[in-house]
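# Per-entry structural report
Read off the chains here:
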There are 4 protein chains.
Amino acid sequence: MNVFGKNFRVQIFGESHGPVIGVVIDGVKAGLPITTEDFAGEIARRKSGSNGTTPRIEADEPQILSGVFEGHATGTPLAIIFRNQNTHSSDYEALRDVPRPGHADWTANVKWNGFNDPRGGGHFSGRLTLPIVAAGVVAKKMLSKANIIAQLIEVGGVPKPESMTDVKVQDAAIAVQIWDEILAKAMAENDSVGGIVECCIDGLPAGIGEPFWDSAESLISHAIFAIPGVRGIEFGDGFAAARMKGSEHNDPFEYSEGRIRPAKNGSGGINGGITNGGPIIFRVAFKPTSSIRKVQKTLNIKTNELETLIVPGRHDACIALRAPVIVEAMAAIALADLVTTKKQW
Amino acid sequence: MNVFGKNFRVQIFGESHGPVIGVVIDGVKAGLPITTEDFAGEIARRKSGSNGTTPRIEADEPQILSGVFEGHATGTPLAIIFRNQNTHSSDYEALRDVPRPGHADWTANVKWNGFNDPRGGGHFSGRLTLPIVAAGVVAKKMLSKANIIAQLIEVGGVPKPESMTDVKVQDAAIAVQIWDEILAKAMAENDSVGGIVECCIDGLPAGIGEPFWDSAESLISHAIFAIPGVRGIEFGDGFAAARMKGSEHNDPFEYSEGRIRPAKNGSGGINGGITNGGPIIFRVAFKPTSSIRKVQKTLNIKTNELETLIVPGRHDACIALRAPVIVEAMAAIALADLVTTKKQW
Amino acid sequence: MNVFGKNFRVQIFGESHGPVIGVVIDGVKAGLPITTEDFAGEIARRKSGSNGTTPRIEADEPQILSGVFEGHATGTPLAIIFRNQNTHSSDYEALRDVPRPGHADWTANVKWNGFNDPRGGGHFSGRLTLPIVAAGVVAKKMLSKANIIAQLIEVGGVPKPESMTDVKVQDAAIAVQIWDEILAKAMAENDSVGGIVECCIDGLPAGIGEPFWDSAESLISHAIFAIPGVRGIEFGDGFAAARMKGSEHNDPFEYSEGRIRPAKNGSGGINGGITNGGPIIFRVAFKPTSSIRKVQKTLNIKTNELETLIVPGRHDACIALRAPVIVEAMAAIALADLVTTKKQW
Amino acid sequence: MNVFGKNFRVQIFGESHGPVIGVVIDGVKAGLPITTEDFAGEIARRKSGSNGTTPRIEADEPQILSGVFEGHATGTPLAIIFRNQNTHSSDYEALRDVPRPGHADWTANVKWNGFNDPRGGGHFSGRLTLPIVAAGVVAKKMLSKANIIAQLIEVGGVPKPESMTDVKVQDAAIAVQIWDEILAKAMAENDSVGGIVECCIDGLPAGIGEPFWDSAESLISHAIFAIPGVRGIEFGDGFAAARMKGSEHNDPFEYSEGRIRPAKNGSGGINGGITNGGPIIFRVAFKPTSSIRKVQKTLNIKTNELETLIVPGRHDACIALRAPVIVEAMAAIALADLVTTKKQW
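Note that the structure is predicted; figures quoted are calculated from it, not measured.

So, how was this worked out
Sequence positions are assigned chain by chain, starting from 1 and proceeding in written order. Working convention: letters from A go to chains and numbers from 1 go to ligands, in the order in which they are written. Note on the predicted model: pLDDT of at least 70 is required for a residue's local features to be given, and 80 or more for side-chain atom pairs to be given and counted; whole-chain, interface and lining totals, by contrast, use all residues. Only hydrogens and water are set aside; all other atoms, that is, all heavy atoms of the structure, feed into the side-chain values. Starting at the N terminus, helices and strands are each numbered in turn, a helix being any DSSP run of H or I of at least four residues and a strand any DSSP run of E of at least two. This radius of gyration counts C-alpha atoms alone. The globule rule is 2.2 Å times how many residues there are, raised to the power 0.38. Each residue's exposure class comes from its accessible area (1.4 Å probe, protein chains only) as a fraction of the maximum for that residue type: buried when under 20%, exposed when over 50%, partly exposed otherwise. Here the copies were fitted onto each other by least squares, based on C-alpha atoms from residues at pLDDT of at least 70 in both. The criterion for strand pairing is that DSSP finds at least two bridges linking the strands in question. Whether two residues are in contact is decided by their heavy atoms, any of which lying within 4.5 Å being enough. Axes here mean lines fitted to C-alpha atoms, for a helix over just the part in contact, with angles spanning 0 to 180 degrees between N-to-C directions. Note on definitions: salt bridges are taken to be side-chain nitrogens of Lys or Arg within 4 Å of carboxyl oxygens of Asp or Glu. Residues are grouped as follows: nonpolar covers Ala, Val, Leu, Ile, Met, Phe, Trp, Tyr, Cys and Pro; charged covers Asp, Glu, Lys and Arg; every other residue, Gly included, is treated as polar. Any pair of N or O atoms that falls within 3.5 Å is considered a polar contact. Within protein, one atom must be able to donate a hydrogen and the other to accept it, and sequence-neighbouring residues count only if both atoms are side-chain atoms. Buried Ala, Val, Leu, Ile, Met, Phe, Trp, Tyr and Cys residues form a nonpolar core when they are joined through side-chain atoms within 4.5 Å. A quick way to say it: buried area is the sum, across both parts, of accessible area lost when two parts are put together, with a 1.4 Å probe. In this scheme Phe, Tyr and Trp rings, the latter by its six-membered ring, pair at centre separations within 6.5 Å, and the angle between planes marks the pair as stacked below 30 degrees, edge-to-face above 60, and tilted otherwise.

Along the backbone of chain A there are eight helices and 18 strands. The C-alpha atoms of chain A give a radius of gyration of 21 Å, which matches the 20 Å a tight globule of 345 residues would have. Counting only C-alpha atoms, chain A reaches 65 × 50 × 35 Å along its principal axes. In chain A, which comprises 345 residues, the share counted as buried stands at 65%.

Dropping the structure here:
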């Protein structure tokens, strides 16, 4: 069921090679200024074009169908669509009986008894992250006091160089020369690499999130694992916390800048599922791109015989390169839902 | 809001030092055999008593209030409660103005304007994992064909010894001598250690899970982060996937034992959010216990002055020791919801 | 699935002859003063005892299990139970194969493949309206500015006498002598009669409710039809509106007492699903009690032969007599959910 | 929040004078044959054109944006839009400060602080029933064994003539001459009339619906009150049941045509919220059209002075005329959700 959220709700629809992909966003605050131009920056960040990204270039121009009147959100559902134009469906015809390793071709086929749209991955295409980015733009407007920044911190096993750790390199993979070399090598080998994205959210008040099931981590991780290719998420000290002592990991509170807050951030800004006023910090592991031009073995599901496969089409060498803006969108969507759920009688 | 699930729904309630804690489970299959004895084994696994766990011992006897008739689930809501008996509320009186680092004392206070029950962590107590384990017993019955096993694989930074990797050491931390020594040392130092739990679910069919928002990973991680003390989760190759090549990480399909399935399991048994027929595998990082007897600095939120604090009460040296059965319960709850949501017209 | 609401959420559980019946209420505003005494008045209104009601008398004393600390709501789930004590299960043994006309015996049997608890109607017992009344008490506290009053306006086809229309006869069926005679006659004939309850809610602001699906009427009617025995609901002019002209039915707006409001109330206080500041008015039709001592024909579902049946047990001659407080509770529950959903950034 | 349903979910969006109106339907059974032609019949039934309906004629051609591949539902979200073409926005400019009696102009203004789109009622326009009818077409396909028929049974207070009660006059208001005369008279007087629609659903199995909150009546009434202009709903004997004796109203069971079912239908085919195998029958009261050309008094909300108003634009003399297909759609949507929720392990 393709919807997320209780009070700020995001529903996506569409297939990679259908006429459009889109999103309906419910629970938008009436009066929020919204124009199609507002989406341009974030959409550009998601776009391919830089080194290591696919040459499938789409116009990606949002059309607002409803929910905006005279430049402001009306409060009723906000629908946005994007045309699919640059589709090469014939690329995929050969794949109908040979599911690509790492993709949802086989699982979608099983789930829907073969009625799924297989062209370009259909509904499972990474292209569906475009309406998610659009919803993220609106979610960020709902969280106007929060500052949400995600950045690549590792590509192909190589962390961002020590000298750059203070620099916010949000999307410019290119700025890190060693990553460029890793990407070039992967492409030359018809292979792909993975990466890690870190996200930091500052400016949220304490008290956001619910105990247990709807903890801030639960909702954020729920949304993050909806991004294709995510393999793991950790908050604050993350997996390293499992190797720390309580006296190291615990965050004492302090009083500074006129408010109570954690003196350090081992917990990632969340205690008991509820924001503590410190920055929320989490990291997301992205697998290497599944679509590679290297020869792979897989199964023909009609004959049950093994076959060799070279995945056709145009693909990123590293999906993490385009991921930061998507990670930000997902975090914003989850937090916009939690913030609107917080009661303020 | 303390509820999880759409079609198999779990609502927990209660406070550490209130009269009872409990759970209401909705969507139980009518006719499922259920008796109070069925809970004994899992509850015993969660219980303290072994080395490194708290000496607060509770009877933990479930009382079924509704939803079972003549030994079978009726199909209507199943309510179960557990009495709280061994409570030492006076331990906590001194803490009302001095939030314990790593706990929800401060965030709960902010969220509910000071009206939260602070005794023993109130609603945030680890004791609330008891009704979760009870719900897990019912969820496992819903998934009768699945085999769900979680085990400790690392304590205090020390993985299970190579020689034991084939042995399923579900809860017997004790079996690993080196962990015993780590725990003894932590207790001697009035400190605590973290750990990692791995969970493997076998026997589920392909086709469980929804694209994007309600992916199998999304629902499992949502439930897992509802466990107090979780800092990270990873599926299949997990964070290591970010350091692999696509040709290494991708799982080709094969035909064996009469069905199509992945030949290896880098993806953790899930493609595009939907189970692929391979075992679901994930790992969960637990922080070191926050309650330690070592002197800590924290803030008095009335005076805004720093104070020193020794957390009173009785606590585990490593919360991960008792976590495997809780991790299994959460996985079962999330999967029972996804399985009952899967339409089979 | 036995839950209602999105942000103020009510889950009931229990069976007529099980150990307890109960309710878990989620989304209660922290700090709301709540004691067990607060429930006494409403519970007394629901109780049997007056002319035409069943002689099954229960203590009906609420036990608060969680969610209240030092006399105030904590903000975490509020669980309340009531013991079942005065049960005569043997009355029902004979009925297992002979479903009582008008009851859920047969449909529950079909739905749950015979695993339902049949004693006293099991989960379908009118007794489950007791936890609903308890939830209503809490919901009314959430709506402290609203004044919710339901009253019987018709019994056995006889409206409240003209002379009494200005008198609020909330529950005192007894006050209307002609109704007493109708009830006495029905009991003498081993039969039962129906009735109509009118509910008026004053003091809510304009702007509560959502367009289309979650209109105020949609949520109220959803909750009202959850009361056993309801056959119809109408708002404002109701069915009579279908016989009016637009110029008669339309409510013009006026400015009075310092605010804009409807000058009359044909719409029942709601336009486009959203409250307009006028009182919400609706009427609910209750069927005659299904359990009668008169001989009825029905089917033996084992033999598929017709049988005669005299329903044993102790029953009201008119379920509408005890309904006003339940109608108020349901209206309060639905409106508490809508009010907490209304965003106030 | 503009969504309905849990497992078959319908989200509508759009404004009367925006570029499009539309619907996203989630939970559609994969493999269901769907083409744009399938919608033509139902859309034609909803269209204006007959006596007493507005001359605003729209092409109303559905565009399927997603969720259908090679003529079958894929199982992923199905999005459908309709262009708005024949809009006269200038008609409404004069109304911004003078809310039309009976409309949501004022309540929408209050709810969204004046940011609502006021043109043609914006999101509250009856035009939004077009995507609802489209969703109804899909819902009916989900319920292929059910036969859902709604028909006008009363216009302007005049029931369908006795001689025609056996004739299914689904939408042909015209067929009833006396109604024609009533409509002509209302139009001549610049006024409007109300009407009553009856809906009968045959062919559903017993066992659909949930106890209490999600009773079949609760979900159907929830959906029905989402139709603009509905003032009441009653099931089976309805309000008349309040005037019956238990011995008259109760439906005994019988065994006929190879199955157990109710011998008559006072309950409307539902016991305890669950279908009993008999036809579901309910009636819906529609108010007279609010937009009339007769002079009305209302308030100028800027000046708080009374003004006179003649509602411009093009309107039906009786909204009930076009309602039967909408009532069917709503019933189908509610039942499709309940049917997909029913577990069949």
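Turning next to the relation of the copies chain A and chain D. With an RMSD of 0.0 Å, the fit of chain A onto chain D corresponds to turning through 180° and sliding 0.0 Å along the axis. The transformation relating the two chain copies, once decomposed into turn and shift, fits a two-fold axis.

Attention now goes to the sheet that holds strand E7 (residues 78–83) of chain C. Residue and element names in this part refer to chain C. Strand order in this open sheet of five strands is E1-E2-E3-E7-E4, and the pairing throughout is antiparallel. On the outer flanks of this sheet lie strand E1 (3–4) and strand E4 (63–66), each paired with one strand and no other. Pairing of E4 with E7 involves three bridges; the strand directions are antiparallel. The residue of E7 that forms the bridge with glutamine 63 is isoleucine 81. Strand contacts of helix H4 (residues 129–142): strand E2 (9–14), strand E3 (20–26) and E7, with the helix running at about 30° to E3, the strand carrying the most contacts.

Below, the discussion takes up the interface of chain A and chain B. Contacts between chain A and chain B engage 99 residues on the former and 99 residues on the latter. Across the chain A-chain B interface, the total number found is six salt bridges. Between lysine 111 of chain B and glutamate 210 of chain A there is a salt bridge, and its shortest N-O distance comes to 3.3 Å. Top element by residues in the side of chain A that touches chain B is helix H6 (residues 216–224) of chain A. It accounts for six residues. Taken together, the residues that form the side of chain A that touches chain B break down as 46 nonpolar, 34 polar and 19 charged. Bridging between strand E11 (residues 230–235) of chain A and strand E11 (residues 230–235) of chain B involves three bridges; their strand directions are antiparallel. Bridge pairing in E11 of chain B places glycine 232 of chain A opposite glutamate 234 of chain B.

A few words on the side chain of lysine 111 of chain A. Structurally, lysine 111 of chain A can be placed in helix H3 (residues 105–111). By relative accessible area, lysine 111 of chain A is classed as buried at 13%. Here the side chain of lysine 111 of chain A touches glycine 209 of chain B through a polar contact of 2.7 Å, landing on its backbone oxygen. If sequence neighbours within four positions are ignored, lysine 111 of chain A has contacts with Gly207, Gly209, Glu210 and Ile274 of chain B.

Moving on, we come to the nonpolar core. Trp213 and Phe282 of chain C together with Trp213 and Phe282 of chain D are the most contacted members of the largest nonpolar core, which has 160 residues in total. Of the residues forming this core, the biggest block, 13 residues, is contributed by helix H8 (residues 324–341) of chain C. Residue contacts for phenylalanine 282 of chain C: discarding those within four places in its chain leaves Val197, Glu198, Cys199, Ile201, Ile220, Ile224, Ile233, Glu234, Phe235, Val327 and Ala331 of chain C.

Moving on to the relation of the copies chain A and chain B. For the pair chain A and chain B, the relating rotation is 180°, the translation along its axis is 0.0 Å, and the fit reaches an RMSD of 0.0 Å. A high fraction, 100%, of the interface residues of chain A reappear at the interface in chain B, so the copies pair face to face through one surface.

Our next topic: the interface of chain A and chain D. Listed per partner, the contact involves 42 residues of chain A and 42 residues of chain D. Counting the surface lost from both chain A and chain D, the interface buries some 3300 Å², and carbon and sulfur atoms represent 64% of this. Between chain A and chain D we count zero salt bridges in total. At the junction of chain A and chain D, the tally comes to six residue pairs in polar contact (both at pLDDT 80 or more). Elements supplying a minimum of two residues to the side of chain A that touches chain D: strand E2 (9–14), strand E3 (20–26), strand E4 (63–66), strand E6 (72–73) and strand E7 (78–83) of chain A. Top element by residues in the side of chain A that touches chain D is E2 of chain A. It accounts for five residues.

What follows is about unusual backbone geometry. Residue and element names in this part refer to chain C. Not every positive phi belongs to a glycine, and asparagine 190 is a case in point at roughly 55°. One can find asparagine 190 in the loop between helix H5 (177–188) and strand E10 (195–202). Positive phi values are uncommon outside glycine, yet glutamate 257 reaches one of about 50°. Looking at the secondary structure, you find glutamate 257 in the loop between strand E12 (253–256) and strand E13 (259–262).

Residue and element names in this part refer to chain B. On the basis of which strands lie adjacent, the open sheet formed by five strands has the order E1-E2-E3-E7-E4 and antiparallel pairing. One side of each edge strand has no neighbouring strand; the edge strands of this open sheet are strand E1 (3–4) and strand E4 (63–66). The pairing of E1 with strand E2 (residues 9–14) spans two bridges and is classified as antiparallel. Of the residues in E2, the one forming a bridge with valine 3 is glutamine 11. In the packing of helix H4 (residues 129–142) onto the sheet, the strands contacted are E2, strand E3 (20–26) and strand E7 (78–83), and the crossing angle to E3 comes to about 30°.

Let us now look at the packing of aromatic side chains. A full pass over the atoms with the stated rule returns 22 aromatic pairs over all chains. Geometrically, the ring pair formed by phenylalanine 235 of chain C and phenylalanine 282 of chain C is tilted, given 5.5 Å between the ring centres and 40° between the ring planes. Residue phenylalanine 235 of chain C is found in strand E11 (residues 230–235), and its partner phenylalanine 282 of chain C is found in strand E16 (residues 280–286); the two are separated by 47 residues along the sequence. Given a relative accessible area of 0%, phenylalanine 235 of chain C falls into the buried group. Within the aromatic cluster, the residues linked to one another by ring pairs are Phe225 of chain A together with Phe235 and Phe282 of chain B.

Okay, the pairing of strand E18 (residues 305–309) of chain C next. Along any regular strand, the residues point their side chains to alternate faces of the sheet. Residues and elements named next belong to chain C. Here five bridges tie strand E17 (residues 296–300) to E18, and the two strands are oriented antiparallel to one another. Looking at the pairing, glutamine 296 lines up with leucine 309 of E18. Between the antiparallel neighbours E17 and E18 lie four residues, among them asparagine 304 with a positive phi of about 60°.

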